[in-house]
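Residue-level listing of the chains:
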Amino acid sequence: MACHPGETPVNRPLHDLESAAAQTMPAPAFAYVAGGAGRERTLRANEQAWGDHALRPRLMTDMAGFSTATTIAGLRLDFPCLVAPMAFQRLACAEGEAAMARAAAAQGAGMVLSCQTSVPPEDVAVAPFWFQLYLQPDPAATRALAARALTAGASALVVTVDAPLNGVRNREIAAGFQLPEGIRPVMLDALPMPPPAGIEGLLARAPVWDDLTELCAESPVPVLAKGVMTPHDATRAMQAGCAGVIVSNHGGRVLDGLPPTARVLPAIRAALPGVPVLVDGGIRAGEDMLVALALGADAVLLGRPAFYALALDGAAGAAACLRRLRDEFAVAMGLMGRRTLAEIGPDCLFT
């Protein structure tokens, strides 16, 4: 656990947080968080792709009634951002996910709690949150995870659909990362240990669309599919009963060689008119957020920078990171001459 709250104030651009965290976190833990799959092509492309788009401002417009607020799947946000689901946040700070949730609530952002949280959901103490879920080989185990999260205050389920296997993360392997004693995926404690299995066995037990359809039919809250990268899979998720999708390549951590999310987002938006579409991957500035919304997203998920800020200064650091992103987005939106999120669209970009 790296952070020393109050000793390392976070007052820097989001893209600077990685290098600062590298000096603070134990090297194996940093490699686990920062690294991507394979040669990390997708990891690098995610961040770079937002900058491939040039903003097209509208000048001298009436800006009375300016607001960055929105509501997605019943969740009110002061600006269109949620903290992405990230495992084992106690690697960054002793309070882990509880500190991150407080930071998100303080800045009017959403919180997506990972299925591999290192803090019990009952201790997160900030509701409502969304809960990220991996479909388990035993449907009863999936129901048990969802039921516990719902009882703790989850208002939506986010089902990760792109990771039946872990990616081969070379940086993490080279660093020899192992979970420190006392840090574990606490939600999985009550589940039966799956039998040992190689790649073939894991794939044989991997979830299919019918499993997602069953969960959607039973869920009392909206279900969103995370990991969608094509219009075909986005449409299939909606046919399964999802309330929306999250365009994501898992932060470049699963399959290297996937395109950046910025590249595939417009086609998925076109395939799902009027449906909540969120995106993650490489967001490092308010201008990136504005590009994401112009390309069709309703909101973004912020991952690694929030984790780094948590490592630097606990809940205060994560809150400062989110506040900076919120302020940058508001400034960019104002300078673009857009009064509300509804005014952000493809015409915000030079083609």
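Whatever comes next refers back to the structure up there.
Residues numbered from 1 in each chain as written. Predicted model: local features only at pLDDT ≥ 70, side-chain atom pairs only at ≥ 80, totals over all residues. Heavy atoms only, no water.

Q: Give a description of the nonpolar core that names residues and reports values.
A: Counting 100 residues, the largest nonpolar core has Trp50, Phe131, Leu302 and Ile344 as the members making the most contacts within it. With 16 residues, helix α13 (residues 304-335) is the largest single contributor of residues to this core. Core analysis: the next-biggest nonpolar cluster, separate from the first, contains 14 residues, Ile72, Leu82, Ala84 and Leu301 among them. (Core = buried A, V, L, I, M, F, W, Y, C linked by side-chain atoms within 4.5 Å. Buried < 20%, exposed > 50% of the residue type's maximum accessible area, 1.4 Å probe, protein only. Helix = DSSP H or I, 4+ residues; strand = E, 2+ residues; numbered from the N terminus.)

Q: Go over the sheet that holds strand β4 (residues 110-113) with me, naming the residues and quoting the values.
A: Strand order in this closed barrel of 8 strands is β3-β4-β5-β6-β7-β8-β9-β10, and the pairing throughout is parallel. Across this sheet, the average inter-strand angle for adjacent strands is 30 degrees, counted without regard to direction. As paired elements, strand β6 (residues 154-160) and strand β7 (residues 223-228) share 4 bridges and run parallel to each other. Each bridged residue has a counterpart across the sheet, and for Thr160 the counterpart in β7 is Lys226. Sitting on the sheet, helix α9 (residues 209-218) is in contact with β5 (129-133), β6 and β7, with an inclination near 175 degrees to β6. (Pairing = 2+ DSSP bridges. Axes fitted to C-alpha atoms, helices over the stretch in contact; angles between N-to-C directions. Contact = heavy atoms within 4.5 Å.)

Q: Give me the packing of helix α4 (residues 97-106) against α13: which residues, what numbers.
A: Orientation of α4 relative to α13, taken along the N-to-C sense of each, is 25 degrees, at an axis distance of 7 Å. Taken together, the axis directions place α4 and α13 in an arrangement best described as roughly parallel. For the pair α4 and α13, the crossing hand works out as left-handed. Residues Ala99, Met100, Arg102, Ala103 and Ala104 of α4 form the contact with α13, whose own contacting residues are Ala306, Phe307, Leu310, Ala315, Ala318, Ala319 and Leu322. Residues belonging to the contact of α4 with α13 are distributed by class as follows: 11 nonpolar, no polar and 1 charged. (Parallel < 35°, antiparallel > 145°, perpendicular 65-115°, else oblique. Left-handed = near helix turned anticlockwise from the far one by under 90°. Nonpolar A, V, L, I, M, F, W, Y, C, P; charged D, E, K, R; others polar.)

Q: Can you lay out unusual backbone geometry for me, pointing to particular residues and giving the numbers?
A: One non-glycine residue, Glu40, lies in positive phi territory at about 65 degrees. You can see Glu40 is positioned in the loop between α2 (27-34) and α3 (41-50). By relative accessible area, Glu40 is classed as buried at 12%. A positive phi is found at His250, a non-glycine position, where the angle reads about 65 degrees. Inspection of the secondary structure assignment puts His250 in the loop between β8 (244-247) and α11 (261-271). By relative accessible area, which is 15% here, His250 ends up buried.

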